[in-house]
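Residue-level listing of the chains:
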Amino acid sequence: MRLLWKLVILLTLINTYAGDGRLSRPIFTQEPQDVIFPLDLSKSEIILNCAANGYPSPHYRWKQNGTDIDFTMSYHYRLDGGSLAISSPRTDQDIGTYQCLATNSLGTILSQKAKLQFAYIEDFETKTRSTVSVREGQGVVLLCGPPPHFGVPDISWRRLDGSPLPGKVKYSKPQAILEIPNFQQEDEGVYECIASNLRGRNLAKGQLIFYAPPEWEQKIQNTYLSIYDSLLWECKASGKPNPWYTWLKNGERLNPEERIQIENGTLIITMLNVSDSGIYQCAAENKYQIIYANAELRVLASAPDFSKNPIKKNSVVQVGGDIVIECKPNAFPRAAISWKRGMEILRQSKRVFILKDGSLKIHNVTRSDAGSYTCIATNQFGVAKNTGSLAVKERTVITVPPSKMDVTVGESIVLPCQVSHDSSIEVVFVWSFNGDVIDLKKGVAHFERLGGESVGDLMIRNIQLNHSGKYLCTVKTTLESLSTEADIIVRGPPGPPEDVRVEHISSTTSQLSWRPGSDNNSPIQIFSIQARTPFSVGWQAVSTVPEILNGKTYNATVVGLSPWVEYEFRVVAGNSIGIGEPSKPSEVLRTKASVPAVAPTNINGGGGSRSELVITWESIPEELQNGEEFGYIIMLRPVGSTTWTKERVPSVESSRFVYRNESITPLSPFEVKVGVYNKKGEGALSTMSIVYSGEDEPQLAPRGTSVQSFSASEMEVSWNGIAWNRNTGRVLGYEVLYWTDDSKESVIGKIRVSGNVTTKNITGLKANTVYFASVRAYNTAGTGPSSPPVNGTTKKSPPSQPPANIAWKLTNSKLCLNWEHVKTMENESEVLGYKILYRQNRQSKTHILETNNTSAELLVPFEEDYLIEIRTVSDGGDGSSSEEIRIPKMSSLSSRGVSVIEPSIHFLSIVIMIFYCFAIQPLI
């Protein structure tokens, strides 16, 4: 009995370590292999490899021909880790079969067997042959003469059992050799070769036998059983001949006894005890090989223990639901289970069940079932208890489910999903669309979750056609999952019509057909045809026959097209929701040609040289030319004449024609018409217009030209107008030329004025520079002679320095300003005065005050800030402005205030300047 308890304690320790993953049986990672060792090899040591994993680390033993190797007695055997090293191997002593054994505290395993053999080769047999003599450079043949023979026989093959030869057989040397690739068991049998010729025949036969070493079909696996349980292990291997089985425990052969039954590959051990623990091996062997399957048997014996698998600390169930509280302690043998609710022992009833695995099930839970529950586990080694609590919650109910909706594309809708639930339970709302979850956390377009803890409404903004379908609201808690769904139908304008085709096209019409697209849940009510040409701005609606195309009309004739123009057509559909997307365009086709129907407009002209009549018009756009070889027809005659002159202009892009004739007098009136033509014929003529012939240039130069300088960059040129007549040439205006002595070109500027204007300001000039000017008249024929040059000098540059040392004082609405006089340089105009510019902000109107002094007073209502700047005035123009001064509004100032722009000014200067403006008020 004392020994039994020691075994129990030992096994409990083993179980504990195994549970922590610390103990593990030996498992080979390397096993010895057959070795053929050449006797004449310079290397004088053989290594048979063996290595295994396991915890604790295994130690190793070796067997030779089934007998343990004594390393203390055999000097040329040694262990290298787990491998066996054989020094100076000898054929008479070391040849044989070797096997490695690996052992730790859990048991022993045997490796596969390995054969050690020695390779050798003996000398050739010697036979005397007569010497063959040969002269150097000659060839020689050494004959091995066969006996006399004549005729290669016919050879055939068959199987004696009558079955056909395998289809995979191959022959070589004209059927003298039979080859069977990938030999299988069904290829076994007696094969006969038949050789025959004219002299007779002969037979030869041989038997082919299939064999295979053992191969596992079923292996044993690690097994952990309780004390007093029964073990059933079965291993199975294939092979030919059929293998026989041997069982080993910790490397030793296992023999049948009272509790142990062995039959072929089956092992049964009844009434297990802890001493049965160990490593077992099933060996399958036939005449060709032996193989091993390894597994550990661990027999467990321990008191009940909840440390590895405690009862759930807190279980939650809803009113009316079912709950199972599991009780699965570790106990060997299995523990008997009972339950308590609080201090009361539970009895089975219609609602309370103790299941076969010890778990407690309560059916149709009520609020009164809440409380603590204790599982009591008992076996012969002890008792253990473990307690958990059960909380009962109210059920979750969907109070406002989503309902079926019929909406129009572009609208925004809300699908409700609201619940009532136990206040202590968190609720999660999940929406799915057509079976796919909507991930609202990623900010999916169109979808937005509304509501709080008990509200999971889904808003769909700007709903689209592809949002039609089933919407499922799933309400999830830790205890349950509820779902409710609704269908949403989204109606929208029709989809694009399809397969638009041009069936026939003429010069002004085209016959079209098409197929309707999707109606998007609202019947199609109307179709419309649009056209596009290289000359149109986008797509434009066209007229059709019939005029109105209802939703059942799928062909029409387009009318009112322009001849000889490339057209594309498309179709759009409409329903009660609106107009849908257009179809794809039809193929590009050109209408047939016709005579031009549109005449040129805006017939004009005039000008040109003497004896010329210049005629102009607006050219006809390509889309109205109606065909190839387009051009213009010019019809002209002097006013009062009855005979027309006809000219053709074959250029498509022309808009001007010059008629030359020496008999044409200047400024003679002509009646003119312009028409069109193309390959199909002549078209319409324009209305008649009067156009004058060309004229001579003006013959006289202007008189009384003078120049007056206004500033450093501006001067004025004036002259007397020319009284003209038909002999002196018409004057349409004047051209002013100006230049300087150092100009690289003779003229640096040219300005035209029209009509009777006789003065012109010239700006952008250089300061203090002499400019020359001349004037000449012009008309449509060109310019006349120039007037004699006159000159003038621009003023010096305006002062470059701005007013400085500006001081100001604000009292009520009176602002007093004071600044230093600006001194000019030698090349600058003298200062004649100053301009004060003031405004409320940069966008408001600027007011200007001029003064000859260096001080000024402004009366302004300072309800806002004011911006002020001061600049000089001179003959050369306005000089540079001071920096902008900001005067704050009255509310931000005291009744008297002083500000100086430049803080570096001497204090005495400030006092002088301010007292100059306010002699009676000292500075504060």
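Quick caveat: nothing in here was measured; it's all calculated off a predicted structure.

## Quick look at the overall build of the chain
Here is step 1: Assigned secondary structure in the chain consists of three helices and 80 strands.
Here is step 2: Looking at the chain as a whole, 40% of its 924 residues are labelled buried.
Here is step 3: Of the roughly 53100 Å² of accessible surface on the chain, 50% is carried by carbon and sulfur atoms.

## A few points about the sheet that holds strand S42 (residues 436-437)
Here is step 1: Spatially, the five strands line up as an open sheet ordered S38-S46-S45-S41-S42, and their pairing is mixed. Strand pairing shows two members of the sheet lacking a second neighbour, strand S38 (405-408) and S42, which therefore form its edges.

## Some remarks on the sheet that holds strand S64 (residues 703-709)
Here is step 1: The antiparallel open sheet is built from three strands, whose spatial order is S64-S65-S68. Whereas interior strands pair on both sides, the edge strands pair on one side only; in this sheet they are S64 and strand S68 (759-762). With strand direction ignored, the average angle separating the axes of adjacent strands in the sheet is 15°.
Here is step 2: In terms of strand pairing, S64 meets strand S65 (residues 715-720) through five bridges, oriented antiparallel. Looking at S65, one finds that Arg703 is bridged to Asn720.

## Observations concerning the state of the cysteines
Here is step 1: This structure, assessed with the given rule, holds four disulfides.
Here is step 2: With its sulfur 2.1 Å from that of its partner, Cys50 forms a disulfide with Cys100. Because the torsion about its S-S bond is -75°, the bridge between Cys50 and Cys100 counts as left-handed. Residue Cys50 is located in the loop between strand S3 (45-48) and strand S4 (51-55), and its partner Cys100 is located in strand S9 (residues 96-104); the two are separated by 50 residues in the primary sequence.

## Here we look at the pattern of salt bridges
Here is step 1: Overall, the coordinates contain 35 salt bridges when judged by the stated rule.
Here is step 2: Each of Glu498, Asp499, Arg501 and Arg515 takes part in one network of salt bridges that share partners.

## Examining the side chain of Asn626
Here is step 1: By the element assignment, Asn626 lies in the loop between strand S57 (612-618) and strand S58 (631-638).
Here is step 2: Non-local contacts of Asn626, meaning those with residues more than four positions away in its chain, are made with Pro563, Trp564, Ala593, Ser594, Val595, Pro596, Ala597 and Asn678.

## Here we look at unusual backbone geometry
Of all residues except glycine, most have a negative phi; of all peptide bonds, most are trans.
Here is step 1: Residue Pro241 is bonded to the preceding Lys240 through a cis peptide linkage, with omega at 0°.
Here is step 2: Turning to its location among the elements, Pro241 is positioned in the loop between strand S20 (236-240) and strand S21 (244-249).
Here is step 3: In this chain, Phe332 is followed by Pro333 through a cis amide linkage whose omega measures 0°.
Here is step 4: The residue Pro333 is located in the loop between strand S30 (330-332) and strand S31 (336-341) in this model.
Here is step 5: Located in the positive-phi region is Tyr228, a residue other than glycine, with phi close to 80°.
Here is step 6: Within the secondary structure, Tyr228 sits in the loop between strand S18 (223-226) and strand S19 (231-234).
Here is step 7: Taking relative accessible area as the criterion, Tyr228 reaches 39% and is therefore assigned partly exposed.
Here is step 8: Even without a glycine there, the phi angle at Asn434 is positive, about 50°.
Here is step 9: Inspection of the secondary structure puts Asn434 in the loop between strand S41 (428-433) and S42.

Definitions and limits used
- Residues numbered from 1 in each chain as written.
- Predicted model: local features only at pLDDT ≥ 70, side-chain atom pairs only at ≥ 80, totals over all residues.
- Heavy atoms only, no water.
- Helix = DSSP H or I, 4+ residues; strand = E, 2+ residues; numbered from the N terminus.
- Buried < 20%, exposed > 50% of the residue type's maximum accessible area, 1.4 Å probe, protein only.
- Areas by Shrake-Rupley, 256 points an atom, 1.4 Å probe, with all protein chains shown as cover.
- Pairing = 2+ DSSP bridges.
- Axes fitted to C-alpha atoms, helices over the stretch in contact; angles between N-to-C directions.
- Disulfide = S-S within 2.5 Å.
- Salt bridge = Lys/Arg side-chain N within 4 Å of Asp/Glu carboxyl O.
- Contact = heavy atoms within 4.5 Å.

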